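Structure at a glance
These are the residues of each chain, in order.
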Amino acid sequence: MAEGAIGVPKGTAQSAARAEVSASKARMLYIDNMRVGLITLVIVGHMAITYGAPVGDWYYHEQGEVSTVFAVLVMLLLGIGASFLLGLFFMISGYFTPGPYDRKGPGAFVADRLKRLGIPLVFYAVFINPLVTYWAAVHGGYEGSLQEYVPTHVPELTKASISVLWFVEALLFFSIVYALVRLLTKAGGAQEEARFAPVPSNRSIVLFAMLLGVATFVVRIWAPMWWWWEPLHQEPGHFPQYAGFFVVGLFAYRRSWFTRMSTAQVRPWRWVALALVPLFPALAVAAGALSGEMDPAVTGGWTWLSLAYSLWEGFMGTAMVITVLVWCRDHFDRQGRLLRSMSAASYAVYVLHPLVIVPLALALSGIRLDLSLKFVLVAPVAVALCFLVGHVIRKLPVVRGVL
């Protein structure tokens, strides 16, 4: 039917469509709340690595034995988290990329990204990483000053110098690539906001998850999981997930998928996620987890273990991203004063949390407790301190425009 039919003028129909899209682009409190939850999981994950998780690299690992139950539960937490948490972060970031470009244009958009993402990267590499690394070294027995430590440990400080901010670096790269594509192709202007393509069907989502798993398997033939490309400190083995979900976020913004995807459509994906949970320990056992030595075949190469794990990640990540997003949209779209403050500080918390949780763990290292009990007691304190510090630091005038 042509626009303007049934007595509705063409201009009115277009205005109504724009108004509907504008309403869908209003402040999405559930996304702010979801960021708080995801960053809390990042902090908890790093505390788990501190207190005995059998996988993961971090500044400080407290010595001690952990129970088998704790080790299995933490591996499950970290494995499921790795399958979707950063993918969801990238999808959210992709969703909020076209709007600023539309409003600011390419030059101002890139300048803003360099300020919001580039400055924290440089600050982390130059100040936070050397300081936190030095604190851990002093705890391990180093007796010199920071001024003595830095010039004599350049290799350790330049490798993984941005640590957890690899995400910020990757997001800066994706943002610049997006700006270049928009600039060169002249595609994706603000007028496209009124175009409503259908929400992807579950069949299309299955195909996406399958392609994501296959792409991950192919990349890991040459770049196994946990291999980091230095000095940029990027893990190519997870890049298909990150790039794939970032692009999904770009499309979701133009088509309002976040608000238009129905709860009924997502319901089967909750069952998919639940069904895939026990497959993770099954794959871990197949890779030799019970023997204490993991088979490197699971991390990459032409192996069935790598293919199985890559496909598991593709489907688990997709199912969890959809499930968490829509659940938060339906049940977590309100904010009180505390959540509002936490969401405003969430980026600062992500950048600064190693500066908080490492000295906290070092300060408590003299307290002898079972590591699993220590994790349970200290992790909530670490989360609270990180958000408190982030809230305070973000109020500084020189910081507010960046974090």
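Description of the structure in this document.

1. Notes on helix H15 (residues 346–363)
Taking 1.5 Å as the rise per residue, H15 with 18 residues should run 26 Å; its terminal C-alpha atoms sit 24 Å apart, in good agreement. In the structure, H15 departs most strongly from a straight axis at Leu352, where the bend amounts to approximately 60° and where the proline Pro354 lies between one and four residues downstream.

2. Here's the deal with the layout of surface pockets
In this structure, the largest pocket occupies an estimated 1,500 Å³ of space. Along the walls of the largest pocket sit 44 residues, with His46, Ile49, Gly56, Asp57 and Trp228 positioned nearest its centre. If you list the elements that add at least two residues to the lining of the largest pocket, you get helix H2 (29–50), helix H3 (68–95), helix H4 (98–139) and helix H12 (279–286). Sort the elements by how many residues they give to the lining of the largest pocket and H3 lands first, with 9 residues. The class makeup of the residues in the lining of the largest pocket is 29 nonpolar, 10 polar and 5 charged. Counted as a void, the second largest pocket has a volume near 1,200 Å³. For the second largest pocket, the lining is made up of 36 residues, of which Arg27, Arg35, Phe96, Arg113 and Arg116 are closest to its centre.

3. Let's talk about the packing of H4 against helix H9 (residues 239–255)
Remark: H4 packs on H9, axes separated minimally by 9 Å, with the N-to-C direction vectors making an angle of 70°. Judged by the angle between their axes, H4 and H9 are roughly perpendicular. Together, Pro98, Gly99 and Asp102 of H4 and Leu250, Tyr253 and Arg254 of H9 make up the contact between the two elements. For the contact of H4 with H9, the residue count by class is 3 nonpolar, 1 polar and 2 charged.

4. Re the pattern of salt bridges
Where side chains of opposite charge bring their charged atoms close, a pairing between them can arise. Tallying each qualifying case throughout the model produces 8 salt bridges. Between Arg35 and Asp32 there is a salt bridge whose closest N-O contact spans 3.0 Å. Of the two residues, Arg35 and Asp32 are both situated in helix H2; the distance of 3 residues between them amounts to about one turn of the helix. Between Asp112 and Arg113 there is a salt bridge, with its nearest N and O atoms 3.5 Å apart. For the residue pair Asp112 and Arg113, the accessibility class agrees, reading buried in each case.

5. Structural notes on the packing of aromatic side chains
Applying the stated criterion across every chain yields a total of 31 aromatic pairs. Ring geometry for Phe70 versus Phe375: centroids 5.7 Å apart, planes at 65°, classification edge-to-face. Of this pair, Phe70 sits in helix H3 while Phe375 sits in helix H16 (residues 371–394), and the two are 305 residues apart along the sequence. The interplanar angle of 50° and the centroid separation of 5.9 Å between the aromatic rings of Phe173 and Phe174 together place this pair among those described as tilted. Under the relative-accessibility criterion, Phe174 is labelled buried at 8%. One aromatic cluster is present, built from ring pairs that chain together Phe89, Phe90, Trp166, Phe167, Phe173, Phe174, Trp228, Phe239, Tyr242, Phe246 and Tyr350.

Rules behind the numbers
Residues numbered from 1 in each chain as written. Predicted model: local features only at pLDDT ≥ 70, side-chain atom pairs only at ≥ 80, totals over all residues. Heavy atoms only, no water. Helix = DSSP H or I, 4+ residues; strand = E, 2+ residues; numbered from the N terminus. Expected span 1.5 Å × (residues − 1). Bend = angle between axes of the 7 residues up to and from the residue. 1 Å grid on protein atoms, 1.4 Å probe; cavity = no way out; pocket = protein on both sides within 12 Å on 5 of 7 lines; lining within 4 Å. Points joined across faces, edges and corners; volume = space filled by probe spheres on them. Nonpolar A, V, L, I, M, F, W, Y, C, P; charged D, E, K, R; others polar. Axes fitted to C-alpha atoms, helices over the stretch in contact; angles between N-to-C directions. Parallel < 35°, antiparallel > 145°, perpendicular 65-115°, else oblique. Contact = heavy atoms within 4.5 Å. Salt bridge = Lys/Arg side-chain N within 4 Å of Asp/Glu carboxyl O. Buried < 20%, exposed > 50% of the residue type's maximum accessible area, 1.4 Å probe, protein only. Phe/Tyr/Trp six-rings, centres within 6.5 Å; stacked < 30°, edge-to-face > 60°.

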